[in-house]
Amino acid sequence: AGYRAVDLMKKHIARTMTDNVLTGIGGFGGLYELDVTGMEHPVLVSGTDGVGTKLKIAFLMDRHNTIGIDCVAMCVNDIACAGGEPLFFLDYIACGKNYPEKIATIVSGVAEGCVQSDAALIGGETAEHPGLMQEDEYDLAGFAVGVCDKKDMITGQNIKPGDALIGIASTGVHSNGFSLVRKVFDMTKESLSTYYDELGTTLGEALLAPTRIYVKALRGVKDAGVTIKGCSHITGGGFYENIPRMLPDGIVASVKKDSYEVPAIFKLLAKTGDIEEKMMYNTYNMGIGMVLAVDAADVDKTLAALEKTGDKAWVIGETKAGEKGVELC
């Protein structure tokens, strides 16, 4: 089954190959030739993450072709936040039983995420754990490495009062807060197959929508000549825990809740689960997957660059002097 799975995933992995990859599939280590031409002081940036309990939705719907995009996104978005460009990615799949077609389908999503982020899928591992995991279940995690010039690192140190906060749209819940999602909604195939007018799709389809990858969006902003002063990937912990991670001491992020339309899936979650507003903003991305801090004079250039990469974005607030943190108004 292992050999069969590898054979089936080869075509997907081939989509991600670049001239920098020096090994084919099946070696003991993935070799990548690092080209840092033009960089004064290259710095490697790494990130690792998993998909979490969103996998339960994939199990119930028996849909495994997009969950790999989530895995890649969780890693490469963090790398992009630091100013890095992803170079390569490795995945790790632990399963109760190796069903080759299912494993290859999962890897097809990983490969698609790599294509979206211009990263090469240079290795991975499928571990079969009979007796430890249920036969029809699996866990998925990954690891990415990127590079940036030291002078281009995004540190947040230069953020000052009056800088603009740009919010880039998410594609939905992304890959965080699914333990709460599974408490709010009935986790059955019937429930997930229920169509909601406000969502324009079934509940399951809305929840399984893959995480947006922002690598090309941030590259577009930088290519437009804009200095990204700070960048925050809105993951677990929502606005309240993630935005402060990019702020220096003495700066508060003031976010206007009515600056954009909160997607219907979050309104449905809050209403169905009777979840108070602060908890929603402390758990979910609420429709904003990435927040950038830029000089107020660069707002128009930033929004134009994001429009070119196909991303929706809004000015969602500004920075002010105050105790480091977030205020929603």
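Residues numbered from 1 in each chain as written. Predicted model: local features only at pLDDT ≥ 70, side-chain atom pairs only at ≥ 80, totals over all residues. Heavy atoms only, no water.

1. Focus: the side chain of Ser 108
Checked against the element boundaries, Ser 108 lands in helix α4 (residues 100-117). For Ser 108, the residues in contact, after removing those within four places along its chain, are His 12 and Asn 65. (Helix = DSSP H or I, 4+ residues; strand = E, 2+ residues; numbered from the N terminus. Contact = heavy atoms within 4.5 Å.)

2. Brief notes about α4
For α4, spanning 18 residues, the distance from its first C-alpha to its last is 26 Å, which sits close to the expected 26 Å at 1.5 Å a residue. The buried count for α4 comes to 13 of 18 residues, which makes it a mostly enclosed element. Directly after α4, the chain includes Asp 118, whose backbone phi takes a positive value near 60°. (Expected span 1.5 Å × (residues − 1). Buried < 20%, exposed > 50% of the residue type's maximum accessible area, 1.4 Å probe, protein only.)

3. A look at the state of the cysteines
In the structure shown here, the tally under the stated rule is zero disulfides. Here Cys 81 is not disulfide-linked; the sulfur of Cys 231 is the nearest cysteine sulfur, at 3.4 Å. (Disulfide = S-S within 2.5 Å.)

4. Some points on the sheet that holds strand β12 (residues 325-328)
Think of a sheet as strands paired side by side through backbone hydrogen bonds, with each pair either parallel or antiparallel. With mixed pairing, six strands are arranged side by side in an open sheet as β8-β10-β5-β11-β9-β12. If you trace the sheet from one side to the other, it starts and ends with β8 (230-233) and β12, each paired once. Ignoring strand direction, the axes of neighbouring strands in this sheet form an average angle of 25°. For strand β9 (residues 251-255) and strand β11 (residues 313-321), the ladder comprises five bridges, and the chain directions are antiparallel. Paired with Ala 253 across the strands is Thr 319, a residue of β11. Helix α3 (residues 67-81) contacts β8 and β10 (288-294) of the sheet and is inclined by roughly 165° relative to β8. (Pairing = 2+ DSSP bridges. Axes fitted to C-alpha atoms, helices over the stretch in contact; angles between N-to-C directions.)

5. Observations regarding the packing of aromatic side chains
Tallied over the entire structure, the rule returns five aromatic pairs. With a centroid separation of 5.2 Å and 85° between ring planes, the pair formed by Phe 239 and Tyr 281 is classed as edge-to-face. Of this pair, Phe 239 sits in helix α9 (residues 238-242) while Tyr 281 is found in helix α11 (residues 277-281), placing the two residues 42 residues apart along the sequence. Residue Phe 239 shares its accessibility class with Tyr 281, and that shared class is buried. Taking 6.1 Å as the distance between ring centres and 55° as the angle between the ring planes, the aromatic pair formed by Phe 266 and Tyr 284 counts as tilted. On the criterion of sequence distance, the pair formed by Phe 266 in helix α10 (residues 264-273) and Tyr 284 in the loop between α11 and β10 is long-range, its members being 18 residues apart. Side by side, Phe 266 and Tyr 284 carry an identical accessibility label, which is buried. Across the ring face of Tyr 240, the terminal group of Lys 278 is positioned such that the distance to the ring centre comes to 5.4 Å. (Phe/Tyr/Trp six-rings, centres within 6.5 Å; stacked < 30°, edge-to-face > 60°. Lys NZ or Arg CZ within 6 Å of the ring centre and 35° of its normal.)

6. Re the pattern of salt bridges
Under the counting rule described, the total for this entry stands at 19 salt bridges. When the shortest N-O distance is used, the salt bridge between Lys 267 and Glu 261 registers 2.4 Å. Look at Lys 267 and you get partly exposed, because its relative accessible area is 43%. Given the relative accessible area of 58%, Glu 261 is considered exposed. Taken together, the salt bridges that share partners define one network made up of Lys 160, Asp 163, Lys 229 and Asp 295. (Salt bridge = Lys/Arg side-chain N within 4 Å of Asp/Glu carboxyl O.)

7. Looking at the layout of surface pockets
Quantified by volume, the largest pocket comes out at close to 690 Å³. Lining the largest pocket we find 31 residues, and of these Val 6, Ile 25, Gly 26, Gly 124 and Glu 125 sit closest to its centre. Among the secondary structure elements, those contributing two or more residues to the lining of the largest pocket are α1 (2-14), β2 (85-95) and β3 (120-128). Residue composition of the lining of the largest pocket, by class: 16 nonpolar, eleven polar and four charged. (1 Å grid on protein atoms, 1.4 Å probe; cavity = no way out; pocket = protein on both sides within 12 Å on 5 of 7 lines; lining within 4 Å. Points joined across faces, edges and corners; volume = space filled by probe spheres on them. Nonpolar A, V, L, I, M, F, W, Y, C, P; charged D, E, K, R; others polar.)

8. What about the sheet that holds strand β4 (residues 138-149)?
With mixed pairing, four strands are arranged side by side in an open sheet as β1-β4-β2-β3. Looking at the sheet topology across the chains shown, the edges are occupied by β1 (42-50) and β3. Strand-to-strand twist of the sheet, defined as the mean angle between neighbouring strand axes without regard to direction, takes the value 15°. The pairing of β2 with β4 spans ten bridges and is classified as antiparallel. In the sheet register, Phe 89 faces β4, and the bridge partner there is Ala 144. Those strands touched by α3 are β1, β2 and β4, and its axis lies near 30° from that of β4.

9. Regarding the nonpolar core
Judged by nonpolar contacts, the single largest core of 91 residues is most densely connected at Leu 218, Ile 243 and Leu 292. Take this core: its biggest share by element is ten residues, from α3. Once residues within four sequence positions are removed from consideration, Ile 243 is found in contact with Ser 232, Ile 234, Ala 253, Val 255, Val 291 and Val 326. (Core = buried A, V, L, I, M, F, W, Y, C linked by side-chain atoms within 4.5 Å.)

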